[in-house]
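Residues per chain are reported as follows:
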Amino acid sequence: MIALVGAGGRSGAALARALAEAGIAFVPVLRDAAKWVVLGLPGEARIADLRDEAALRQALRGASRIVSTAHARWTPALLAAAEPGAAFVLMGSTRRFSRWPDAHGDGVRAGETAFLASGRAGVMLHPTMIYGAEGEDNVRRLAALIARLPFAPLPGGGRALVQPIHQGDVTRCLMAALRQEWREAGTIVIAGPAALPYRDFLRAVARAAGLRAPPILPIPALPLRLLAPLTRLLPGLPRIGGDEIRRLTEDKAFDIGPMRRILGVEPIGLEQGLAL
């Protein structure tokens with residue numbers, strides 16, 4: 001039996017649809033039953049808060065494979081609640097490679113450490129920035145900014161590299177990981193086919209949204225970080241955090257050889273993904 005933890009979230013819902021379309025039986029596990037009803041997919045949900053060990057243990061009862069799209073910080077709870085011998089497919093994040101400490105990245109690193117030391121079989125997939133999911137706000141927020149700003153203030157002129165991955169490819173990677181017979185715990189980075197400077201990513205989003213790409217204005221990261229909180233005071237602008245500005249200064253480019261070789265997934269290009 002497959003238990004899908006986080007079935008009501010963006011990646012979880014996308015995977016649930018893919019499993020249902022493929023005729024693969026699974027048990028959705030989530031905190032809010034109403035979210036599962038809204039999705040309109042077959043299957044009776046098991047309700048469990050990841051902080052409730054007893055409820056989680058009951059929700060995972062009988063599962064030989066556990067796939068979780070919840071934040072990787074919950075990995076220790078899943079390991080403790082799963083039945084002996086259950087294999088795992090977990091979602092991490094490439095934020096675990098960031099040199100800038102934050103709660104998100106720290107949680108992913110802690111979850112990865114617990115998984116690799118657990119003696120369990122399976123894989124933790126570390127996706128880069130995900131775009132294209134229903135309700136996703138990475139590209140939509142950027143398009144909203146492009147539409148409102150006369151220029152794009154970017155630290156370092158937006159030269160730092162990004163390698164976003166489309167939600168469809170994330171789902172294909174999760175499906176491929178579920179088909180594998182894992183003998184030990186491991187990790188795989190999943191990303192788009194090629195890295196590109198953030199300024200080129202911005203221009204691609206503008207083209208896809210039918211907007212004029214604003215000129216790039218190089219600005220040091222520190223002043224931008226100090227000004228970022230003001231976005232919540234300006235009507236019509238999406239909120240931007242100072243930590244987001246700081247992460248724009250580091251390259252996020254990764255080797256996806258293992259993704260291609262082990263999972264057999266060839267990711268789609270950015271232009272195609274944005275068109276979708």
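Whatever comes next refers back to the structure up there.
Presented here is an overview of the structure given in this document. From a predicted model like this one, the values you see are computed outputs, not experimental measurements.

Conventions adopted
- Residues numbered from 1 in each chain as written.
- Predicted model: local features only at pLDDT ≥ 70, side-chain atom pairs only at ≥ 80, totals over all residues.
- Heavy atoms only, no water.
- Helix = DSSP H or I, 4+ residues; strand = E, 2+ residues; numbered from the N terminus.
- Buried < 20%, exposed > 50% of the residue type's maximum accessible area, 1.4 Å probe, protein only.
- Contact = heavy atoms within 4.5 Å.
- Phe/Tyr/Trp six-rings, centres within 6.5 Å; stacked < 30°, edge-to-face > 60°.
- Lys NZ or Arg CZ within 6 Å of the ring centre and 35° of its normal.
- Pairing = 2+ DSSP bridges.
- Right-handed = clockwise from strand over helix to strand, strands pointing away.
- Axes fitted to C-alpha atoms, helices over the stretch in contact; angles between N-to-C directions.
- Parallel < 35°, antiparallel > 145°, perpendicular 65-115°, else oblique.
- Left-handed = near helix turned anticlockwise from the far one by under 90°.
- Core = buried A, V, L, I, M, F, W, Y, C linked by side-chain atoms within 4.5 Å.
- Salt bridge = Lys/Arg side-chain N within 4 Å of Asp/Glu carboxyl O.

**Quick notes on the overall build of the protein**
- Across its full length, the protein carries 12 helices and 13 strands.
- For the protein, the spread of C-alpha atoms along the principal axes amounts to about 55 × 35 × 35 Å.
- In the protein, which comprises 276 residues, the share counted as buried stands at 47%.
- Restricting to contacts in the protein with at least 6 residues of sequence separation, those with at least 24 account for 71%.

**Considering the packing of aromatic side chains**
- Inspection of every chain in the model, using the stated rule, returns 4 aromatic pairs.
- Judged by centre distance (6.0 Å) and plane angle (85 degrees), the rings of phenylalanine 26 and tryptophan 36 are edge-to-face. Placement of phenylalanine 26 in the loop between helix H1 (10-21) and strand E2 (27-30) and of tryptophan 36 in helix H2 (residues 33-39) is noted, with a sequence separation of 10 residues between them.
- Classification of tryptophan 36 by relative accessible area gives buried; the value is 5%.
- When the centroid spacing of 6.4 Å and the interplanar angle of 65 degrees are considered together, the rings of phenylalanine 88 and phenylalanine 115 count as edge-to-face. With a gap of 27 residues between them, phenylalanine 88 in strand E5 (residues 87-91) and phenylalanine 115 in helix H5 (residues 103-116) connect regions that are remote in the sequence.
- The lysine or arginine in question, arginine 96, covers the ring of phenylalanine 97, its NZ or CZ lying 4.7 Å from the ring centre.

**Digging into the pairing of E5**
- With 4 of its 5 residues buried, E5 lies for the most part within the structure.
- Sheet topology places strand E4 (residues 65-68) next to E5; 4 bridges connect them, and they run parallel. Paired with isoleucine 66 across the two strands is phenylalanine 88, which belongs to E5.
- A crossover links E4 with its parallel partner E5, the connecting element being helix H4 (residues 75-81), and its sense is right-handed.
- Bridge analysis of E5 against strand E6 (residues 122-127) gives 4 bridges, and the strand direction is parallel. Bridge pairing in E6 places leucine 90 opposite methionine 124.
- Assessed by its sense of winding, the connection that carries the chain from E5 through H5 to E6 is right-handed.

**A word on the packing of H1 against helix H7 (residues 167-179)**
- Between H1 and H7, the least distance of the axes is 9 Å, while the angle of their chain directions is 60 degrees. Of the possible angle classes, the one that applies to H1 and H7 is oblique. Classified by chirality, the crossing of H7 by H1 is right-handed. Of H7, the residues touching H1 (which contributes Ser11, Ala14, Leu15, Ala18 and Leu19) are Gln167, Val170, Thr171, Leu174, Met175 and Leu178.

**So, the pairing of E6**
- The element E6 is largely enclosed, with a buried count of 6 among its 6 residues.
- Burial along E6 is two-sided: Gly122, Met124 and His126 facing one way and Val123, Leu125 and Pro127 facing the other are all buried.

**Re the sheet that holds E4**
- Ordered in space as E3-E2-E1-E4-E5-E6-E11, the 7 strands form an open sheet in which the pairing is parallel. Whereas interior strands pair on both sides, the edge strands pair on one side only; in this sheet they are strand E3 (46-47) and strand E11 (185-190).
- Strand contacts of H5: E5, E6 and E11, with the helix running at about 160 degrees to E6, the strand carrying the most contacts.
- Where H7 meets the sheet, its contacts fall on strand E1 (2-5), E4, E5, E6 and E11, and the angle it forms with E5 comes to roughly 165 degrees.

**Observations concerning the nonpolar core**
- One finds Leu125, Ile190 and Leu263 to be the most contacted residues of the largest nonpolar core, which totals 35 residues.
- When contributions to this core are tallied by element, the ones reaching two or more residues are E1, H1, E5, E6, H7, E11 and helix H11 (257-263).
- The element best represented in this core is H7, accounting for 7 residues.
- When neighbours within four sequence positions are excluded, isoleucine 190 is seen to be in contact with Leu125, His126, Pro127, Thr128, Ile165, Val170, Cys173, Met259 and Leu263.
- Formed by 23 residues, the second largest nonpolar core is a distinct cluster that contains Ala59, Leu78, Phe115 and Met124.

**A word on the pattern of salt bridges**
- In the structure shown here, the tally under the stated rule is 10 salt bridges.
- Residue aspartate 49 pairs with arginine 51 through a salt bridge whose shortest N-O separation is 2.8 Å.
- Classification of aspartate 49 by relative accessible area gives partly exposed; the value is 21%.
- The partner of glutamate 250 in a salt bridge is arginine 99, and the shortest N-O contact between them spans 3.4 Å. Here the residue glutamate 250 occupies a position in the loop between helix H10 (242-247) and H11, and arginine 99 occupies one in the loop between E5 and H5, the gap between them amounting to 151 residues.
- In this structure glutamate 250 comes out as buried when scored by relative accessible area, which is 7%.
- Using a relative accessible area of 51% as the deciding quantity, one classes arginine 99 as exposed.

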